[in-house]
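Chains, contacts and geometry: an overview
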Amino acid sequence: MLNDVTFGQYYPAKSFVHKSDPRIKLLALIAYIVSLFLAKNFYALAACFVVLVTTIIASRVPFGSVMRSIKAIIVLLIFTAVLNLFFHGGEHLLVQWGIIKIYREGIIFTVFFVFRLFFLVMGSALLTLTTTPVELTDGIESLLTPLKWVRFPVHELALIMSIALRFIPTLIDETNRIISAQKARGADFESGNIFKRIKAIVPILIPLLISAFRRAEELGDAMDARCYSGSKNRTKYKKLKFGWRDVIIVLLFAALITGVVMLNIYAYRIFPEIYEYIRLS
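Thresholds applied
- Residues numbered from 1 in each chain as written.
- Predicted model: local features only at pLDDT ≥ 70, side-chain atom pairs only at ≥ 80, totals over all residues.
- Heavy atoms only, no water.
- Helix = DSSP H or I, 4+ residues; strand = E, 2+ residues; numbered from the N terminus.
- Buried < 20%, exposed > 50% of the residue type's maximum accessible area, 1.4 Å probe, protein only.
- Contact = heavy atoms within 4.5 Å.
- Areas by Shrake-Rupley, 256 points an atom, 1.4 Å probe, with all protein chains shown as cover.
- Patch = residues over 30% accessible without salt bridge, like charges linked within 9 Å, V, L, I, M, F, W, Y side chains within 5 Å.
- Salt bridge = Lys/Arg side-chain N within 4 Å of Asp/Glu carboxyl O.
- Lys, Arg positive; Asp, Glu negative; His and termini not counted.
- Charge placed at Lys NZ, Arg CZ, Asp CG, Glu CD.
- Phe/Tyr/Trp six-rings, centres within 6.5 Å; stacked < 30°, edge-to-face > 60°.
- Lys NZ or Arg CZ within 6 Å of the ring centre and 35° of its normal.
- Core = buried A, V, L, I, M, F, W, Y, C linked by side-chain atoms within 4.5 Å.
- Polar contact = N/O pair within 3.5 Å; in protein donor to acceptor, adjacent residues only side chain to side chain.
- Expected span 1.5 Å × (residues − 1).
- pLDDT = per-residue confidence, 0-100.

1. Considerations on the overall build of the protein chain
Of regular secondary structure, the protein chain possesses ten helices and two strands. Along its sequence from the N terminus, the protein chain presents helices and strands in the succession α-α-α-α-β-β-α-α-α-α-α-α. Relative to its full complement of 281 residues, the protein chain shows a buried share of 32%. In the protein chain, once contacts between residues fewer than 6 apart in sequence are set aside, the share between residues at least 24 apart is 75%. Of the accessible surface of the protein chain, which amounts to about 17,600 Å², a share of 68% is contributed by carbon and sulfur atoms.

Have a look at this one:
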């Protein structure tokens, strides 16, 4: 199951998206997230989905690799969907069991919320699948450069985020090895009630935490041995440059935000009967 976690993993390919500037990709992700939360109806949400699919095709990343990112939050999705379904009010009551009431508006809102979260996670996973941790570090540091004027440790923050992303696949592999070793000793992680399963996780967490602290200490010693001194007098092997691909991405996501705003305002004029039926409360 842990092998299905795609966040923090890089998919190497020679594509339009891979060759784009990491700063533009970070800003594009922010613009995409803003568009998702600006969307007030399914027309605007469909526009976000079209842009997402177009970007996935341009990245040449297998669609299944992006979809696997959903598995990491499937429990959260189900939990929040159930809460919204049972506790979101409305005018059209469909089902009632005691104090539990399900409204048509609640079902529409739940579907809308689940799709929004789906697209949000897929877009975020696509960024890490098409951008190496080093590129992300350089992009974040470049975007936060103005904060250096107030003595904010921009380079150190970017380095911490890069190391965290870099060690996600490493910790996943370490967890799989610990689980395999525990199963070889007769441990059972799949049977029993929820309390027994939680108790069975303890033999995994303790060696995993010890391994993580050991790796962190080894990394710190290695950086000290190489006289690492942060951003002071530090140069870069690769300098970030804007290109024609970045202009296209900027125009695409600027058009997305504009389109979402326009669809929020004028969607009622496009098939008004359908809009009235799926209107969010």
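2. A look at a negative patch on the surface
On the surface, a cluster of negative charge is made up of Glu217, Glu218, Asp221 and Asp224. Inspection of the secondary structure puts Glu218 in helix 8 (residues 194–225). Assessed through its relative accessible area of 48%, Glu218 is described here as partly exposed.

3. Structural notes on the packing of aromatic side chains
Counted according to the given criterion, the structure contains four aromatic pairs. Here the aromatic cluster, defined as three or more aromatic residues joined through ring pairs, consists of Phe49, Phe115 and Phe119. In this structure, Arg23 is placed above the aromatic ring of Phe242, and the distance from its NZ or CZ to the ring centre is 4.3 Å.

4. Overview of the nonpolar core
Of all hydrophobic cores here, the largest spans 29 residues; its most connected members are Tyr32, Leu36, Val66, Phe253 and Leu256. Among the elements that take part in this core, helix 5 (residues 104–130) stands out by supplying eight residues, more than any other. Each residue touching Leu36, except ones within four places of it in the same chain, is listed here: Leu45, Cys48, Arg116, Phe119 and Leu120. Counting residues in hydrophobic clusters, the runner-up holds seven residues, among them Leu26, Leu29, Leu127 and Ala158.

5. Brief notes about the pattern of salt bridges
Here the structure, examined in full by the defined rule, presents three salt bridges. Put simply, Arg23 and Asp21 hold a salt bridge, and the shortest N to O gap is 2.9 Å. Asp21 gets classed as buried once you look at its relative accessible area, which sits at 3%. In the salt-bridge network here, residues are joined through shared partners; they are Glu174, Arg177 and Arg215.

6. Description of the environment of Lys25
Structurally, Lys25 can be placed in helix 1 (residues 22–38). In this structure the side chain of Lys25 is engaged in a polar contact, spanning 3.0 Å, whose partner is the side chain of Thr131.

7. Re the side chain of Ser15
Tracing the backbone shows Ser15 in the segment before helix 1. Judged by its relative accessible area of 4%, Ser15 is buried.

8. Topic: helix 1
The first and last C-alpha atoms of helix 1 sit 24 Å apart over 17 residues, in line with the 24 Å expected at 1.5 Å per residue. If you check which residues of helix 1 are buried, you get Pro22, Arg23, Ile24, Lys25, Leu26, Ala28, Leu29, Ala31, Tyr32, Ser35 and Leu36. Contacts from the buried residues of helix 1 go to helix 2 (42–59), helix 5, helix 6 (133–143) and helix 9 (244–266). The opening residue of helix 1 is Asp21, an N-cap whose side-chain oxygen sits 2.8 Å from the backbone nitrogen of Arg23.

9. Overview of the environment of Ile201
Tracing the backbone through its elements, the reader meets Ile201 in helix 8. Taking the relative accessible area as the measure of exposure, Ile201 reaches 37% and is therefore partly exposed. Sequence separation of Ile201 and Asp188 is 13 residues, and the distance between their C-alpha atoms is 9.7 Å.

10. Focus on a nonpolar patch on the surface
A contiguous nonpolar patch, built from Leu27, Ile30, Val34, Leu38, Leu143, Val261, Met262, Ile265 and Tyr266 and spanning about 710 Å² of accessible area, is present on the exposed surface. Every element with two or more residues in the nonpolar patch is listed here: helix 1 and helix 9. Take Val34: it is sitting in helix 1. Judged by relative accessible area, Val34 falls into the partly exposed class, the value being 38%.

11. Some details on the confidence of the model for the protein chain
Scored by pLDDT, the protein chain comes out at a mean of 80, with 83% of its residues at no less than 70. Averaged pLDDT values for the elements of the protein chain fall to 50 in helix 10 (residues 272–278) and rise to 93 in helix 1.

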